[in-house]
Amino acid sequence: MKRYDCLKIIVQHLTNDLIIANVGGPRREWRDLTSHPILPIAALGLCSSVGLGLALALPHRRVLVLDGDGSILLNLSHFATAGVHPAGNLIHIVFDNGHYESSGAYPTNTLSGKVVLAQVALACGIPRAVQVNTIEDFASAYEAALGGQGPVVIVAKVEVNPAFPKGVPDPQPSMDPIEYAIQFARHIEKTEGIRVRKAPRDVFPQLRW
Amino acid sequence: MALSAAGPIPPEVVVRGLKDARIDFIASLVQDDISDILRLLDEERGVTHVHLSREEEGFGICAGAYLGGKNPAILMHNTGLLACCNAVVSLNLPHEFPVLLLVSYSGYFGEQNAWTASPGKTTESVLNALAIQYRILREPSEVSPVLVAAHQLMHASKRPVAVLLPPGR
C-alpha cells in the first residue's frame, strides 16, 4: 500500500476538514494532490498533540491528523491523553512505513513487528483503533471513521517512500513554517468567523491604542 | 501554595488571575506546588483543562487550541519546562504559536527540598537562552496584573511568555 493512494482517498472525501500533518512526506504528497489547506508541524512528534488541541477547541469541526510511525513513537503518551480527553471529531491516521523516511530512511522500532501502534492506542482508551494493510481496507476504515464517532486511530502499513524519493524537491512555491501557520490560521478565521492571530486588544478590548 | 515575600500566594488568587487574564484553555501536568490550583481549575466553568501525560504534549495541544481561537496556558513544573526546549524551538518559534507558561519554580529562594533544588540553577538561564520573557511572582496582589500583562505580551509577540511561581506550601 502506498501512502499517496491513501491520501487520494482522503482527498476524495474532503469537505471542510482541518488537516494537521507530520512534516516530510505527507506534506509533499498532499500538496501534489490538492490545494486544500494543510498545516505541517515542524516539531517531529507533536502533530498528534496539535490535532487534539484543535479538535477540543473546535468540537463541531472534523480534524484529521496525518502522522507517521517515527513521529508518534516520539509522542506515545499522546494516546493516553487523547484516550482520557476524547475528541469525537478527531481522526488520527498513522502512516507506518517502519522508517524515518525523511531522515535517511533508517528503520524505526515498528519495523520489527513487535510494536503494534493500534494496540497501544486501544490500550490507552482510544475507542476505535485499527491497523490496515491494503488500500481496500484503508478505504473501508476511513469511510467508517467519517461516518462514526471519534476519536479514531487508523494505522496504515505503507511502503517506504515510493512517490517522493530522497532528492526530489519540495512542491513549488516553497513555503516555510510561519507561512503555513499563518495561511492555516487565516483559513480557520475565514471558515469559523473567529479571530486566531490576535492582537492584545482582541482579548482586552478596553485597552487603548 | 507558592510562598512569596508577602506570604503564601493562595491557589484561588492564581485561578482568579488566570480568569482576569482571559485564559480559557489550560494544559497541565501536576507538581506539588500547583496541585491545589489544578484542583480548582477542574471545577471552573468556561475553561477547558487537559491533563497531560508529558509536558511536551502541552505545547502541541495549546498550539492546536490557539488555532481554534482559544487563549491557552500550560501549568507545569520547571523540570517539565526544561524537558520542552525542543517544543519551543521547533514548534512555537517557527510557527509563531503563543502560549502562556505558568511554571512552579523549584530550586528558587525558599526551596526546602534537596531533591528538587537542582533545576533552580538552570531555569532562568534556559528561559533566557530560549528568549522567553518571564516574571517571577512575588506577592498575591501582583498575580492578576502580571498574568494580564503576560497574556497581552504573548499575543503581541506571538511567542511563549513565562510567569514563575516561587516554591513552598
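None of these values were measured; they are calculated from a predicted model. (Residues numbered from 1 in each chain as written. Chains lettered and ligands numbered in written order. Predicted model: local features only at pLDDT ≥ 70, side-chain atom pairs only at ≥ 80, totals over all residues.)

Novice: Kindly report on the overall build of chain A, identifying the contributing residues and their values.
Specialist: For chain A, the count of helices and strands is 9 helices and 8 strands. The principal-axis extents of the C-alpha atoms in chain A amount to approximately 60 × 40 × 30 Å. Within chain A, the proportion of its 209 residues that are buried is 44%. (Helix = DSSP H or I, 4+ residues; strand = E, 2+ residues; numbered from the N terminus. Buried ≥ 20, exposed ≤ 12 C-beta atoms within 10 Å, placed from the backbone.)

Novice: Can you tell me about the overall build of chain B, naming the residues and giving the values?
Specialist: A tally of regular secondary structure across chain B gives 7 helices and 6 strands. Taken from N to C terminus, the helices and strands of chain B fall in the order α-β-α-β-α-β-α-α-β-α-β-α-β. The C-alpha atoms of chain B give 14 Å as radius of gyration, which agrees with the globular expectation for 169 residues (15 Å, within 12%). Considering only C-alpha atoms, chain B reaches an extent of 40 × 35 × 30 Å along its principal axes. Here chain B, with 169 residues, has 51% of them falling under the buried criterion. Pairs at least 24 residues apart make up 74% of the contacts formed inside chain B by residues separated by at least 6 positions. (Rg over C-alpha atoms; globule rule 2.2 N^0.38 Å. Contact = placed C-beta atoms within 7 Å.)

Novice: Residue-level account of the environment of B:I9, with values.
Specialist: Inspection of the secondary structure puts B:I9 in the segment before α1 (11–20). Taking the C-alpha atoms as reference points, B:I9 and B:S90, separated by 81 residues in sequence, lie 34 Å from one another.

Novice: Outline unusual backbone geometry, listing residues and values.
Specialist: Across the junction of A:G150 and A:P151, the peptide omega takes the value 0 degrees, indicating a cis bond. Position of A:P151 relative to the elements: it lies in the loop between α7 (135–147) and β8 (152–157). A positive phi angle is found at B:R22, which is not glycine, with a value near 65 degrees. Mapped onto the secondary structure, B:R22 falls in the loop between α1 and β1 (25–28).

Novice: Can you explain the nonpolar core? Please cite residues and give values.
Specialist: One finds A:I20, A:I41, A:I154, B:F59, B:C62 and B:V99 to be the most contacted residues of the largest nonpolar core, which totals 111 residues. Contacts of A:I20, omitting those with residues within four sequence positions, involve A:L39, A:I41, A:C47, A:V50, A:G51, A:L54, A:V63 and A:V65. (Core = buried A, V, L, I, M, F, W, Y, C linked by C-beta atoms within 7 Å.)

Novice: Account for the interface of chain A and chain B, with residues named and values stated.
Specialist: The interface of chain A with chain B comprises 35 residues on the first partner and 32 residues on the second. Of all the elements, helix α3 (residues 47–57) of chain A adds the most residues to the side of chain A that touches chain B, at 8 residues. Classifying every residue of the side of chain A that touches chain B by side-chain character gives 24 nonpolar, 8 polar and 3 charged. (Nonpolar A, V, L, I, M, F, W, Y, C, P; charged D, E, K, R; others polar.)

Novice: Summarise the pairing of strand β6 (residues 160–165) of chain B; cite the residues concerned and give the values.
Specialist: Residues and elements named next belong to chain B. Across the 6 residues of β6, 6 count as buried, placing the element largely inside the fold. Every second residue of β6 is oriented toward a common face, with P160, A162 and L164 on one face and V161, V163 and L165 on the other, all of them buried. Sheet topology places strand β4 (residues 99–104) next to β6; 6 bridges connect them, and they run parallel. Its bridge partner lying in β6, L101 is registered against A162. In the sheet, strand β5 (residues 133–136) pairs with β6 via 4 bridges, with the strands oriented parallel. Residue pairing for β6: R135 is matched across the bridge by V163. Considered for its hand, the β-α-β crossover made up of β5, helix α7 (residues 143–157) and β6 is right-handed. (Pairing = 2+ DSSP bridges. Right-handed = clockwise from strand over helix to strand, strands pointing away.)

Novice: Break down the pairing of strand β4 (residues 90–96) of chain A for me, with residues and values.
Specialist: All names here are of chain A. Along β4, 7 of the 7 residues are buried, which leaves the element largely enclosed by surrounding structure. Burial along β4 is two-sided: L90, H92, V94 and D96 and I91, I93 and F95, pointing in opposite directions, are all buried. Where strand β3 (residues 63–68) and β4 come together, 6 bridges link them in parallel fashion. When the sheet's bridge partners are listed, V63 is paired in β4 with L90. The sheet contact formed by β4 and β8 spans 6 bridges and is parallel. If you follow I93 over to β8, its bridge partner there is I154.

Novice: Could you give an account of the packing of helix α1 (residues 3–12) of chain A against α7(A), with specific residues and numbers?
Specialist: Packed helices, taken two at a time, are described by the angle between their axes plus the distance between the axes. Residue and element names in this part refer to chain A. Contact pair α1 / α7: the axes reach a minimum separation of 10 Å and the direction vectors enclose 30 degrees. When the axes of α1 and α7 are compared, the pair comes out roughly parallel. Crossing handedness for the pair α1 and α7: right-handed. Seen from α1, the contacting residues are D5, C6, I9 and I10; seen from α7, they are I135, F138, A139 and Y142. Here the contact of α1 with α7 is composed, by residue class, of 7 nonpolar, no polar and 1 charged. (Axes fitted to C-alpha atoms, helices over the stretch in contact; angles between N-to-C directions. Parallel < 35°, antiparallel > 145°, perpendicular 65-115°, else oblique. Left-handed = near helix turned anticlockwise from the far one by under 90°.)

Novice: Please set out the sheet that holds β1(B) residue by residue, giving values where relevant.
Specialist: Two strands in a sheet stick together by hydrogen bonds in their backbones, pointing the same way (parallel) or opposite ways (antiparallel). Residue and element names in this part refer to chain B. One open sheet holds the 6 strands; their spatial order is β2-β1-β3-β4-β6-β5, and the pairing between them is parallel. Only two strands of the sheet have a single partner each, and these edge strands are β2 (48–51) and β5. Strand-to-strand twist in this sheet, taken as the mean axis angle between neighbours without regard to direction, amounts to 20 degrees.

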